[in-house]
Protein chains: 2
Amino acid sequence: MGDDQLPSWRETLAKQSIVEFVAAVTNPDSADFVAEAERIAVFDNDGTLWTELPMYAQLAFALDRAAELGDPASLEELHAGGMSALVDLVKLTHAGITTDEFAAVCRRWLASARHPRFGRPYPAMIYQPMLELLGLLNRNGFSCWIFSGGGTDFMRAFASEVYGLPPHRVIGSVGATEFRVGPSGPELVKSAAIQVINDGPQKPDSIHTHIGQRPIVAAGNTDGDLAMLQWTAASPRRTLQLVVHHTDSEREYAYDRDPVLGSGTEQILAAAAEDEWTVIDMAADWSAVHPEPR
Amino acid sequence: MGDDQLPSWRETLAKQSIVEFVAAVTNPDSADFVAEAERIAVFDNDGTLWTELPMYAQLAFALDRAAELGDPASLEELHAGGMSALVDLVKLTHAGITTDEFAAVCRRWLASARHPRFGRPYPAMIYQPMLELLGLLNRNGFSCWIFSGGGTDFMRAFASEVYGLPPHRVIGSVGATEFRVGPSGPELVKSAAIQVINDGPQKPDSIHTHIGQRPIVAAGNTDGDLAMLQWTAASPRRTLQLVVHHTDSEREYAYDRDPVLGSGTEQILAAAAEDEWTVIDMAADWSAVHPEPR
């Protein structure tokens, strides 16, 4: 089972561990059987489901949007200003606008912007093998969710369509909104206050708040995903942890540290080695990285 | 359709508006047709799906728990101390405990505590007609969600089972948790910080964060639900707003102001009159209030 359902995965241990896991937890005669309602899978987004270099898509969006708003910023300024400069940029480009307007702005950008290296729209920068994995899990009764550091509203502008997930299963960082009854009726206005930065130990917290069940599959790629994978691994059920390792400078990128925000991979790779999690070696395990252009 | 699916509803306008609405939005030949993925219904809990007098079940739980912890509080002290005394009580009784332990404490209490007037367990204090409505909507492709001022963790200890909703569709107020790798592995410890008080204008905000789609059905019973009903009513689709009006001092209670927290009904009843929302007159519209004892 699963062999022709993961055509972009080479016949290596990574694929084998996925196929074996899915077979075990869905087999009613297996000691590892898990009821459908408990088949929860959680995925990081940037670097796990799509390319995050040379910078997060949402950061590229924010820089384009700042320029459009007449207050341009540069990556160099962000590097110099650190997290507070980044937060300022997010506030400038993500606040003072209704949620409906913001969704339209995001969709416009996603349709027009191009990835600087690959020259394709950002939604084409998803990983074909991970898309196949989402499909495999979905067909086997899993509920797949995204828990990302990216903004929920930004992600929902493409993720539902691209990954085939309902919006309520796409969860990221959250800014406050203000409810008001405006001239065109009730609306939610995005404010500058950031309520949740959905990274690190916040991810299990968000999973608890948004799902209220312990996942049995978790996939990530940096130390910011470690807590999510630990939380999942501690389930009393059989679980699967996947770490996407960026080893492919030809077809994508090879790196162990995000050059923009500096998140590393030391802790998650050490945990993967110690706990026998599945490390996906992009160069070795995937026969394709991005979807074929249509 | 629907007639024998709502046996605890009398043949009045309230039932008629529900049945007509469901028929219209599920009929592919109707101009009001709404695709299944967009059939979202949101419900307040206390006073809308179950009895909230003489005090919220969660408050009764907190008072019992405070006594059990050797630091008893009384309703009179809470009245005198107002919101800050209430928050202190919640912190005492809801913090410093892992989410798993807290769920077990809640389930124990729900199994043993009895409603002071009806002498039945609190989960038997749900409204039979609303349970039938949840079932009708569910069978017609709706996703039903709860957005309550009560605590998410407390509600999930009974709501999934009693209402037949997965935990991720039971959303309330949220306290912060701290992720730690304790002696028995990774766990989430409930802290004293309240992150979200899910009432009033927060409800549309929470709906946006947790669902990311505009509901087409909303039900509430106090002014704290007004924003949720307004937000739903502003959908471009055909919508249904339900206001449960407590008019039945014999079988339940008759009141227009919550005697504990003081939430009123003036605004929501005024909006219902102006916008032709469906007001459910409990005494007139329901042939039964609580489920028959089994």
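Owing to the predicted nature of the structure, the values given are computational and were not obtained by experimental measurement.

**Student:** Can you help me understand the overall build of chain A in this one?
**Tutor:** In terms of helices and strands, chain A carries 11 helices and eight strands. For a compact globule of 294 residues, the expected C-alpha radius of gyration is about 19 Å, and chain A comes in at 19 Å, within 12% of that figure. Taken over the C-alpha atoms alone, chain A extends approximately 60 × 45 × 35 Å along its principal axes. Of all 294 residues assigned to chain A, the portion counted as buried reaches 59%. A separation threshold of at least 6 residues defines the contact pool for chain A, and within that pool the share at least 24 residues apart is 68%. On chain A, roughly 11900 Å² of surface is accessible, and the fraction owed to carbon and sulfur atoms is 51%. Within chain A, the 40 negative side-chain charges are centred at a point lying 6 Å from the centre of the 22 positive side-chain charges.

**Student:** How should the environment of Ala271 of chain A be read in this particular structure?
**Tutor:** All names here are of chain A. Following the sequence through the fold, Ala271 ends up in helix 10 (residues 266–275). The spacing of Ala271 and Trp286 is 15 residues in sequence and 22 Å in space, taken between C-alpha atoms. Discounting residues that sit within four places of it in the chain, Ala271 has contacts with Leu226, Glu276 and Trp277.

**Student:** When you look at the sheet that holds strand 4 (residues 170–182) of chain B in this model, what are you seeing that I'm missing?
**Tutor:** In a beta sheet, neighbouring strands pair by backbone hydrogen bonds and run either parallel or antiparallel. A sheet is described by the order of its strands in space; here eight strands give the open sequence 2-5-4-3-1-6-7-8 (chain B), paired in mixed fashion. Of all strands in the sheet, those with a lone pairing partner are strand 2 (97–98) and strand 8 (278–281) of chain B, marking the two edges. For strand 1 (residues 40–43) of chain B and strand 6 (residues 217–220) of chain B, the ladder comprises three bridges, and the chain directions are parallel. Bridging across to strand 6 of chain B, Val42 of chain B finds its partner in Ala218 of chain B. The sheet strands contacting helix 8 (residues 202–210) of chain A are strand 4 and strand 5 (185–196) of chain B, and the helix crosses strand 4 of chain B at an angle near 150°. Contacting strand 7 (240–245) and strand 8 of chain B, helix 10 (residues 266–275) of chain B crosses the sheet at an angle of about 135° to strand 7 of chain B.

**Student:** In this structure, what is going on with the pairing of strand 8 (residues 278–281) of chain A? I would like to understand it.
**Tutor:** The side chains of a regular strand alternate, first on one face of the sheet and then on the other. Residue and element names in this part refer to chain A. Side chains Thr278 and Ile280 project from strand 8 onto a buried face, and the interleaved Val279 and Asp281 project onto a face without burial. As defined by bridge partners, strand 7 (residues 240–245) adjoins strand 8 across four bridges and the pair is classed as parallel. By the bridge assignment, Val244 is partnered in strand 8 with Ile280. With helix 10 bridging strand 7 and the parallel strand 8, this β-α-β connection has right-handed handedness.

**Student:** I'm lost on the relation of the copies chain A and chain B in this one. Help?
**Tutor:** Related by rotation about an axis and a shift along that axis, the two copies of the chain form a pair. For the pair chain A and chain B, the best superposition has an RMSD of 0.0 Å and corresponds to a rotation of 180° with a translation of 0.0 Å parallel to the axis. Here the symmetry operator amounts to a two-fold rotation axis. Measuring from the rotation axis to each C-alpha of chain A, the shortest distance belongs to His210 of chain A, at 3.4 Å. By residue overlap, the copies meet face to face through one surface: 100% of the interface positions of chain A are interface positions in chain B.

**Student:** How should I be thinking about the confidence of the model for chain A in this particular structure?
**Tutor:** Caution applies to low-pLDDT parts of the model: their predicted coordinates are not meant to be read in detail. Looking at chain A as a whole, the pLDDT averages 95, with 99% of positions reaching at least 70. The ipTM assigned to the predicted complex is 0.95, against a pTM of 0.96.

**Student:** Would you explain the packing of helix 8 of chain A against helix 9 (residues 226–233) of chain A in this entry?
**Tutor:** Geometry of a packed helix pair, given as the angle between the helix axes and the separation of the axes. Residue and element names in this part refer to chain A. Helix 9 packs onto helix 8 with a crossing angle of 55° between their chain directions and a minimal axis gap of 7 Å. Compared by their axis directions, helix 8 and helix 9 come out oblique. Along its contact with helix 8, which presents Lys203, Pro204 and Ile207, the element helix 9 presents Ala227, Met228 and Trp231. Considering only residue class, the contact of helix 8 with helix 9 consists of five nonpolar, no polar and one charged.

**Student:** What exactly am I supposed to notice about the side chain of Arg156 of chain A here?
**Tutor:** Note that Arg156 of chain A resides in helix 6 (residues 152–156). The buried charged residue Arg156 of chain A lacks any salt bridge partner; its closest oppositely charged side chain belongs to Asp153 of chain A, at an N-O distance of 4.8 Å. In contact with Arg156 of chain A, not counting residues within four places along its chain, are Pro167, His168, Val170 and Ile171 of chain A together with His208, Thr209, His210, Ile211 and Gly212 of chain B.

Conventions and cut-offs
- Residues numbered from 1 in each chain as written.
- Chains lettered and ligands numbered in written order.
- Predicted model: local features only at pLDDT ≥ 70, side-chain atom pairs only at ≥ 80, totals over all residues.
- Heavy atoms only, no water.
- Helix = DSSP H or I, 4+ residues; strand = E, 2+ residues; numbered from the N terminus.
- Rg over C-alpha atoms; globule rule 2.2 N^0.38 Å.
- Buried < 20%, exposed > 50% of the residue type's maximum accessible area, 1.4 Å probe, protein only.
- Contact = heavy atoms within 4.5 Å.
- Areas by Shrake-Rupley, 256 points an atom, 1.4 Å probe, with all protein chains shown as cover.
- Lys, Arg positive; Asp, Glu negative; His and termini not counted.
- Charge placed at Lys NZ, Arg CZ, Asp CG, Glu CD.
- Pairing = 2+ DSSP bridges.
- Axes fitted to C-alpha atoms, helices over the stretch in contact; angles between N-to-C directions.
- Right-handed = clockwise from strand over helix to strand, strands pointing away.
- Least-squares fit on C-alpha atoms with pLDDT ≥ 70 in both.
- pLDDT = per-residue confidence, 0-100.
- Parallel < 35°, antiparallel > 145°, perpendicular 65-115°, else oblique.
- Nonpolar A, V, L, I, M, F, W, Y, C, P; charged D, E, K, R; others polar.
- Salt bridge = Lys/Arg side-chain N within 4 Å of Asp/Glu carboxyl O.

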